Amino acid sequence: MNEKRKIWLAVGAAVLTTSTTSAVAQPQTFDHAMTATTMNFVAPLAGQGGGEGEGEGSGQLDLRTNDAAYLAQLGLIRGHLYVGKQLYDEGHLAMAKTHMKHPKDELYSALVPAFTARKVAGFAGELQQLADAVNNDEGAAAVNAAYDKLLTAISASENISEHSVKAVLLSLSSMLLTAAEEYDLGIQQGKVVNVHEFQDAYGFTTIAKARFANLTAAQIEANQAAIDEVKEVLEGLPGLWPTITPTGAIEGDASALFGAAARIELATLN
């Protein structure tokens, strides 16, 4: 386990230890012993219902019932697609292809049981159409149309307005934690060692910042203080991506993302 994650876990443990009520002492948080990119659907234990955290492995979450984990998983897919589309628009076709997800991709496949349980259609067809448009280099018009159609389908599966603001904010925390881990893998000692992970971190962070736009006026009004606090955290992030296709040194460190993830989770305790 890397040192930055140890710090994250220590912060979470300290908060839970000093909490004084059961409602705060057992928040709907993630077990960050595994990254959000590996949050897979977990079947419930024999004889039990599908509650949060049930199943094989303490770090796995049931996406059918855990709203924050479900929204985070969808956010990661959005992040991949966002950075892939930007790379495509900038003419980096080979790089763009690596970020376009297929319905059989691990991130999407993990969501399929959750779609069934939540009675939403999912977006396998739209995902495939975009991947085909990019991989077959069908041109900007086809890619743009497929991308817009896919975003509409993802939004229908997210139903942000029907989830608690706490779940939404926790999903941002999880996405930023994953972004931090990806950035840590992509940038080492000021050098780009894995550009794909560097780009993933950019996509996840961008989508996290944009998620507030999907909240309703009523959700914002009822949770204004927490939302403002989280927005401040996100707006205070340094410029870690001067470009998404770096060729030289990058003066960035994942610590800012790890810290932001921790601060956002702490904000939800209020």
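Here the structure is shown first, and the text comes after it.
Structure report, in brief. (Residues numbered from 1 in each chain as written. Predicted model: local features only at pLDDT ≥ 70, side-chain atom pairs only at ≥ 80, totals over all residues. Heavy atoms only, no water.)

Each α-helix turn comprises 3.6 residues. Residues three or four places apart therefore point the same way. Counted at 1.5 Å a residue, the expected span for helix H8 (residues 140-158) with its 19 residues is 27 Å, and the 27 Å between its end C-alpha atoms agrees. Residues of H8 that are buried in the fold lie against helix H3 (67-89), helix H6 (112-118) and helix H7 (124-135). One or two positions beyond H8, positive phi appears at Asn159, with a value near 50 degrees. (Helix = DSSP H or I, 4+ residues; strand = E, 2+ residues; numbered from the N terminus. Expected span 1.5 Å × (residues − 1). Contact = heavy atoms within 4.5 Å.)

Let us now look at the packing of aromatic side chains. The relation between two aromatic rings is expressed through the spacing of the ring centres and the mutual angle of the planes. All told, the structure shown has nine aromatic pairs when counted by the stated rule. Connected via pairs of aromatic rings, a cluster forms that spans Tyr82, Tyr183, Phe198, Tyr202 and Trp241. Note that Arg118 overlies the ring of Tyr70, its terminal NZ or CZ placed 4.0 Å from the centroid. A cation over a ring is seen here: Lys231 above Phe212, with NZ or CZ 5.4 Å from the ring centre. (Phe/Tyr/Trp six-rings, centres within 6.5 Å; stacked < 30°, edge-to-face > 60°. Lys NZ or Arg CZ within 6 Å of the ring centre and 35° of its normal.)

What follows concerns the pattern of salt bridges. Evaluation of the coordinates by the stated rule reveals six salt bridges. Among the ionic pairs, Glu158 bridges to Arg78, the shortest N-O distance being 2.9 Å. You can see Glu158 sitting in helix H8 and its partner Arg78 sitting in helix H3, a full 80 residues away along the chain. For the pair shown, Glu158 and Arg78 are each scored as buried. Through salt bridges with shared partners, one network takes in Arg78, Glu158 and Arg211. (Salt bridge = Lys/Arg side-chain N within 4 Å of Asp/Glu carboxyl O. Buried < 20%, exposed > 50% of the residue type's maximum accessible area, 1.4 Å probe, protein only.)

On to the nonpolar core. Nonpolar side chains in soluble globular proteins tend to end up buried together. Formed by 70 residues in total, the largest nonpolar core has its most connected members in Leu81, Phe123, Leu130, Tyr183 and Leu257. Ranked by residues supplied to this core, first place goes to H3 with eleven residues. If near-sequence neighbours (up to four positions away) are discounted, Phe123 is found in contact with Leu74, Ile77, Tyr108, Phe115, Leu150, Ala153, Ile154 and Ser157. (Core = buried A, V, L, I, M, F, W, Y, C linked by side-chain atoms within 4.5 Å.)

A few words on a negative patch on the surface. A contiguous patch of negative charge, built from Asp228, Glu229, Glu232 and Glu235, is present on the exposed surface. Locating Glu229 in the fold gives a position in helix H12 (residues 224-235). Judged by relative accessible area, which is 34%, Glu229 ranks as partly exposed. (Patch = residues over 30% accessible without salt bridge, like charges linked within 9 Å, V, L, I, M, F, W, Y side chains within 5 Å. Areas by Shrake-Rupley, 256 points an atom, 1.4 Å probe, with all protein chains shown as cover. Lys, Arg positive; Asp, Glu negative; His and termini not counted. Charge placed at Lys NZ, Arg CZ, Asp CG, Glu CD.)

Before going further, it helps to spend a moment on the packing of H3 against H8. Running from N to C, H3 and H8 point in directions that differ by 170 degrees, and their axes come no closer than 11 Å. The angle between H3 and H8 places the two elements in the roughly antiparallel class. Only Ala140, Val143, Asn144, Tyr147, Leu150, Leu151, Ile154, Ser155, Ser157 and Glu158 of H8 make contact with H3, whose side of the interface consists of Tyr70, Leu71, Leu74, Arg78, Leu81, Tyr82, Lys85, Tyr88 and Asp89. Here the residues of the contact of H3 with H8 are counted per class, giving twelve nonpolar, three polar and four charged. (Axes fitted to C-alpha atoms, helices over the stretch in contact; angles between N-to-C directions. Parallel < 35°, antiparallel > 145°, perpendicular 65-115°, else oblique. Nonpolar A, V, L, I, M, F, W, Y, C, P; charged D, E, K, R; others polar.)

A positive phi is found at Lys119, a non-glycine position, where the angle reads about 60 degrees. With respect to the element layout, Lys119 can be found in the loop between H6 and H7. Of note, the phi angle at Asn159 is positive, near 50 degrees, even though the residue is not glycine. Residue position: Asn159 is located in the loop between H8 and helix H9 (165-186). Judged by its relative accessible area of 24%, Asn159 is partly exposed.

Of note, Gln219 is situated in helix H11 (residues 217-222). Of note is the side chain of Gln219, whose polar atom sits 3.4 Å from the backbone oxygen of Ser161. Residues contacting Gln219, with those up to four places away along its chain left out, are Ile160, Ser161, His163, Val165, Asn214 and Ile227. (Polar contact = N/O pair within 3.5 Å; in protein donor to acceptor, adjacent residues only side chain to side chain.)

Over its 22 residues, H9 runs 31 Å from end to end, which matches the ideal 32 Å to within 8%, given 1.5 Å per residue. Taking burial as the measure, the 22 residues of H9 include 19 buried ones, the bulk of the element.

Within the secondary structure, His163 sits in the loop between H8 and H9. Of note is the side chain of His163, whose polar atom sits 2.9 Å from the backbone oxygen of Glu158. When neighbours within four sequence positions are excluded, His163 is seen to be in contact with Asp67, Tyr70, Leu71, Arg118, Glu158, Val168 and Gln219.

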